[in-house]
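Commentary on secondary and tertiary structure
Spelled out from the first residue to the last, the chains are:
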Amino acid sequence: MIQNACIRLLALAAAFLIVVTAYGQQTCDEEVKLLLSPAQVQAAIPALHAGGETQGRVYFYDTTALDLLSKGVILRLREGRGADLTVKLRPLSGERFDDPTAGRELYVCELDLNDGIEAQSFSVQQKYLSTKPPETGDEVLRLLSEGQKKLLDNSKVQIDWKRVKRVAEIRSTSWTRRAKGPLGKLDLELWEWPNGSILEVSTKVATNAGQATYVELQKLAKRKDLALSTKQSSKTELALRSINPAH
């Protein structure tokens, strides 16, 4: 009896160790971002040898008071090439979230570096094929996949979908620089809305290479005489708070 109990205990401990180890070894894509002065977009395109212009629209959904954003929840819809509906969590206190879809949907774990500060995010994406973007929270809720709903449930954020609506419509224009030099491929994206704009250059890098790459991006901008934006932060947060200035 005692021997069998010990064997079962050891088996449980081994299983627990495997789970903990796998959880601790979860790696996330890392993306380094730098905001340039939007007024320099026409100079930045040739300076960075960017091309392949694509255009689209980006919509965000939240309450009038941006309650979701303040709790680390982002509901985003992209139109254009690669259109998608995304539910993203940016935990405010360092929580981690495993894939709620068990590999059945597109789950993305990212480590974004803005202004030298790393922030982790977890999202579930799905393709969006409709030509008419939703306007209300109830419409968005009906479009969410099971994995996206589960990710929101795991966040423990209470959402009053009746108060959620479309809070931003942004025109997006993107360019890409093919892999070149130590920075590799660069993406240049311009967001425009009435009375505002943001220009971001970004690149995806290997884990733990973010800080060094951020310094290299700054050096590249300086060599090309490209002025940096006075605000260096998440372009989503900057845009939403600019479009909804009361909050």
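Scroll up to find the structure this text is about.
Fair warning: this is a prediction, and the values are worked out from it, not measured in the lab. (Residues numbered from 1 in each chain as written. Predicted model: local features only at pLDDT ≥ 70, side-chain atom pairs only at ≥ 80, totals over all residues. Heavy atoms only, no water.)

1. Some details on empty space enclosed by the protein
One pass over the full model with this rule turns up two cavities of 30 Å³ or more. Computed from the structure, the largest cavity encloses a volume of approximately 50 Å³. Along the walls of the largest cavity sit Leu34, Leu36, Leu48, Val201, Leu217, Leu220, Ala221 and Leu226, which together make up its complete lining. Element by element, the count of residues in the lining of the largest cavity is highest for helix H6 (residues 210-223), at three residues. Lining the second largest cavity are Phe60, Tyr61, Asp62, Leu69, Val73, Ile74, Leu75 and Leu240. (1 Å grid on protein atoms, 1.4 Å probe; cavity = no way out; pocket = protein on both sides within 12 Å on 5 of 7 lines; lining within 4 Å. Points joined across faces, edges and corners; volume = space filled by probe spheres on them. Helix = DSSP H or I, 4+ residues; strand = E, 2+ residues; numbered from the N terminus.)

2. Description of the nonpolar core
Ranked by internal contacts, the top residues of the largest apolar core, which has 24 residues, are Tyr61, Val73, Leu75, Leu144, Leu152, Ile159 and Trp161. Residue assignment for this core shows that the elements contributing at least two residues are strand E2 (51-62), strand E3 (73-79), strand E4 (84-89), strand E5 (106-114), strand E6 (117-127) and helix H5 (146-155). Here leucine 75 is in contact with Tyr59, Phe60, Tyr61, Leu68, Thr86, Val87, Val140 and Trp161, once residues within four sequence places are set aside. Val32, Leu188, Leu217 and Ala221 belong to the second largest nonpolar core, which has 23 residues in total. (Core = buried A, V, L, I, M, F, W, Y, C linked by side-chain atoms within 4.5 Å. Buried < 20%, exposed > 50% of the residue type's maximum accessible area, 1.4 Å probe, protein only. Contact = heavy atoms within 4.5 Å.)

Keep in mind that these numbers describe shape and distance, not what the molecule does.
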